[in-house]
Structures are given as C-alpha cells and as structure tokens.
Amino acid sequence: MDQIDIAIIGAGAVGLAIAADIGARYPDAATILFERHGQFGQDTSSRNSEVIHAGMYYPTGSLKAKLCAEGNPLLYEFCNKHSVPYQRIGKLIIARDQTEIASLENILAQGQANGVQGLRLIDADEVKELEPNITAVAAIFSETTGIIDSHKLMFQLEHLASQNNVMLAYKHEVIDIVPEGDGFIVTFKGPDGETDQIFCRWLINSAGLYSDKIASMCGIDAEAAGYTIYPVKGEYFSVSMSKSKMVSHLVYPPPLHGLKGLGTHITKSLDGRGRLGPNVHYVTERENYDVDPDHLEEFYQAAITYLPFIERGDLAPDMAGMRPKIQAPDAPVADFKICRETERGLPGLINLVGIESPGLTACLAIARYVADLCVLEN
C-alpha cells in the first residue's frame, strides 16, 4: 500500500486553496487531492453569485466573520498577483421603506464590530446618485464588496498546488476511511471503477456537500458532532441585458431571518449581466441543479419591491446551486466547523463542515487556518 503524508478530499475553491497553501509550506511532503468529479469546482464553488463579501452579517467572533474579514483583502491581493479577473464593484444593502432602516443600523453595527472596512450608511439622495433606478430610502454602501471569476481563481489555485507537487486525483472518489495507527487507510474508486488504497498521516476533509459523509467514514457521529449537512438549494434567474444595465452595483435587501439567505438580491457578472437570487429551499437531494420555471413569479414579486423597472419578460431561469448548510430549518445561525479532531482521538484528521457562504471569499484565509493546524516534521 502506498504511503503519503497528506490527503485532501474535495477540489472546490477551499480544497484547492488548502492544497496550494499546504504545497507551498511543505513542498517535500507527499500530498494528494482527491476529487470525485473530472475537474475542480463542479458543485458549490461554481454555482454561486461569485461575490467577494465584506463580512458584515456574521456574528462577531465567529469563524465566518473572522475568516471573511481576513479573506477579503487576501483575495484581492491574490487576484492582482495572479491576474484573476475581478471588479471591486461595491454593494448596497437597502431599506425599501422606513421599517427596514433599523435592520440596516444593526447590520452596520455588526460589520463595524467585525472590523469590516469601507461601510457607511447613506441616505435616499446618495442612493439615487449611485443607483437612480432602484427604490430605497436608505442603504449601507460596502466599498470592499466585489465580484470574481471563480473558475479562473480555482484554475490558478490548481496550478499553484500542482507546481508544489500536490498530486491531483480527479475522478477518484473516496468510498471508505479506516483510522489505523497514526494515520488513515483511505479506500478510493478510480476512473476505471477499480478500488485501491493508500495510507496517509493527515486527512483533510473539504468535501463540501458530502463532508458529513466523510466525517462519518472516519467513525464520527455526524449528528452528535453537529456535522449533519442540510442541503439548501438556491435558484437564480437572469435579468435581460437591457435591464441589467440599469443597475451598477450589487443590490441586496436586508437578509432573511436567521441568515438562512441574503434575500433575493441582484448581482452582476464580470460581463455586466444581472442575476437575481438565490432563493432558499431545504431539499433532500444534494445534486439537483434544475431551476423550476414556475418560481419566476416568486422572483418577480421580490424584485419589483426595489427594482420597479423589472418586468416578468425580463427574467429567465439561469442556474441553481447547493449550499452545504449545517443549520437545520428554524435553527440558530450556524458557524463554519473547522476542527482538528484530537479530542476524538483522531489528531491527524481536520474536518471542514458547513463551508457555505462566505467560503469563496474566505478560501485563502481558511486555507491558512487549516495549514496552521496541520503540522509536519521537516
């Protein structure tokens, strides 16, 4: 049986960032990145708004708040260094009427407590200057919010990992894990359908939608640990190009109760297209990416509360993504779970569970955090 130092499971943005960071720190370590799909980022990482978040929503002291605030400038710096396309476009979180101003004040206070830079409350006149076509009586303007080409980001992270001798094992699905001595026996199925095994000293679980399954393979009771994934589907509807041009920034209503989502907002892609979404539907299937065209009316009704120029004919089904939430329906806000499982007798195991938004923004900060937990003797 082959023996290696580090096995990483999952080649989304976070798994790739971990592979790049680990590879840079430990270039002589034998490291492998397992991914069941034929290429990187086929699930959550490629099916989202591609927003670089600022970090104003999350509870102070949480990993989401800490790693988003750290990850935002790291991501811009990385993009500049490695020519990853982005736009620091800015975001408005709006109050559609006077009753929502208190919500904005709370978000602003939360953002300031989290150390988020570039936040300010603006009145209706300044909103009109920035976005003359929307309906709002006030807004928070976030200067550091932007949009990114997530595929180019992942491509560059993959390149850096490969440069530092990380083995990229696409079409290799991990199907069993057995703790053994000071490491783990990992059984995987290759592209030919045959199974094989390796022994690794460190195992990093960044399997996204299936991170609870990987934790369970290691003998952890996922429910007792708070690792159960409750998949949440979010659909998007595109906005016609003529109407997309009527909005210059990202525009968000106040977030949903319990941060289950950030409301049906309008984002922009790097080519200027507008997209509404996502909605929030707890589901049982983890990989159903169909968009229900019957939900158009739901999106339209949400949009016209602040985008009065939108007509039904401007909207069309676009895409859907899945969020690997560990927040059960009607449960309190859940934080990222990033844990070296020493207390469970598995000191070589690092689990990352519930890495939803702002995971893309925080990917480089998460990678640094994980690499700090993974200590190899040189």
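See the structure shown above.
The following paragraphs examine the structure supplied in this document.

Conventions used here
- Residues numbered from 1 in each chain as written.
- Predicted model: local features only at pLDDT ≥ 70, side-chain atom pairs only at ≥ 80, totals over all residues.
- Heavy atoms only, no water.
- Phe/Tyr/Trp six-rings, centres within 6.5 Å; stacked < 30°, edge-to-face > 60°.
- Helix = DSSP H or I, 4+ residues; strand = E, 2+ residues; numbered from the N terminus.
- Buried < 20%, exposed > 50% of the residue type's maximum accessible area, 1.4 Å probe, protein only.
- Lys NZ or Arg CZ within 6 Å of the ring centre and 35° of its normal.
- Axes fitted to C-alpha atoms, helices over the stretch in contact; angles between N-to-C directions.
- Parallel < 35°, antiparallel > 145°, perpendicular 65-115°, else oblique.
- Contact = heavy atoms within 4.5 Å.
- Nonpolar A, V, L, I, M, F, W, Y, C, P; charged D, E, K, R; others polar.
- Expected span 1.5 Å × (residues − 1).
- Bend = angle between axes of the 7 residues up to and from the residue.
- Salt bridge = Lys/Arg side-chain N within 4 Å of Asp/Glu carboxyl O.
- 1 Å grid on protein atoms, 1.4 Å probe; cavity = no way out; pocket = protein on both sides within 12 Å on 5 of 7 lines; lining within 4 Å.
- Points joined across faces, edges and corners; volume = space filled by probe spheres on them.
- Polar contact = N/O pair within 3.5 Å; in protein donor to acceptor, adjacent residues only side chain to side chain.

This next bit is on the packing of aromatic side chains. Enumeration over the complete set of coordinates arrives at four aromatic pairs. When the ring of Phe34 is compared with that of Phe188, the centres are 5.1 Å apart and the planes differ by 40 degrees; the resulting orientation is tilted. Here Phe34, found in strand 2 (residues 31-35), pairs with Phe188, found in strand 11 (residues 183-189); they are 154 residues apart in sequence, far enough to count as distant. As far as burial versus exposure is concerned, Phe34 and Phe188 are alike and both buried. Its guanidinium or amino end placed over the ring of Tyr236, Arg275 lies 5.8 Å from that ring's centre, counting from NZ or CZ.

Let's shift gears to the packing of helix 2 (residues 63-82) against helix 5 (residues 150-163). Pairs of packed helices are described in terms of their axes, by the angle between the two and the distance that separates them. For the pair helix 2 and helix 5, interaxial distance at closest approach is 11 Å and the crossing angle is 75 degrees. If you check the angle between helix 2 and helix 5, you find them roughly perpendicular. Contact residues: helix 2 offers Leu75, Phe78 and His82, while helix 5 offers Leu153, Gln156, Leu157 and Leu160. Each residue belonging to the contact of helix 2 with helix 5 can be placed in one class, and the counts come to five nonpolar, two polar and no charged.

Turning our eyes to something else, we now look at helix 2. With 20 residues, helix 2 should cover 28 Å at 1.5 Å per step; its first-to-last C-alpha distance of 26 Å lies within 8% of that length. The largest bend along helix 2 measures about 30 degrees and falls at Gly71, with the proline Pro73 one to four residues further on. The first or second residue beyond helix 2 is Ser83, which carries a positive phi of 60 degrees.

With the rule as written, the count across this model stands at 18 salt bridges. Glu70 is paired through a salt bridge with Lys66; the nearest N and O atoms lie 2.7 Å apart. Here Glu70 pairs with Lys66, and both are found in helix 2, just four residues apart, close to one helical turn. In this structure Glu70 comes out as partly exposed when scored by relative accessible area, which is 31%. Residue classification places Lys66 among the partly exposed positions, given a relative accessible area of 37%. A single salt-bridge network, built from bridges that share partners, covers Asp21, Arg25 and Asp372.

Space inside the second largest pocket adds up to approximately 400 Å³. Looking at the second largest pocket, it is lined by 15 residues, and the ones nearest its centre are Asp21, Phe78, His82, Leu160 and Leu364. When contributions to the lining of the second largest pocket are tallied by element, the ones reaching two or more residues are helix 1 (13-25), helix 2, helix 5 and helix 10 (359-373). A per-element tally of the lining of the second largest pocket places helix 2 first, with five residues. Class assignment of the residues belonging to the lining of the second largest pocket gives a composition of nine nonpolar, two polar and four charged.

Attention shifts here to the side chain of Asn279. Following the sequence through the fold, Asn279 ends up in the loop between strand 16 (274-277) and strand 17 (281-282). Among the polar contacts made by the side chain of Asn279, one reaches the side chain of Glu298 at a distance of 3.4 Å. If near-sequence neighbours (up to four positions away) are discounted, Asn279 is found in contact with Lys233, Gly234, Glu235, His295, Glu298, Phe299 and Arg323.

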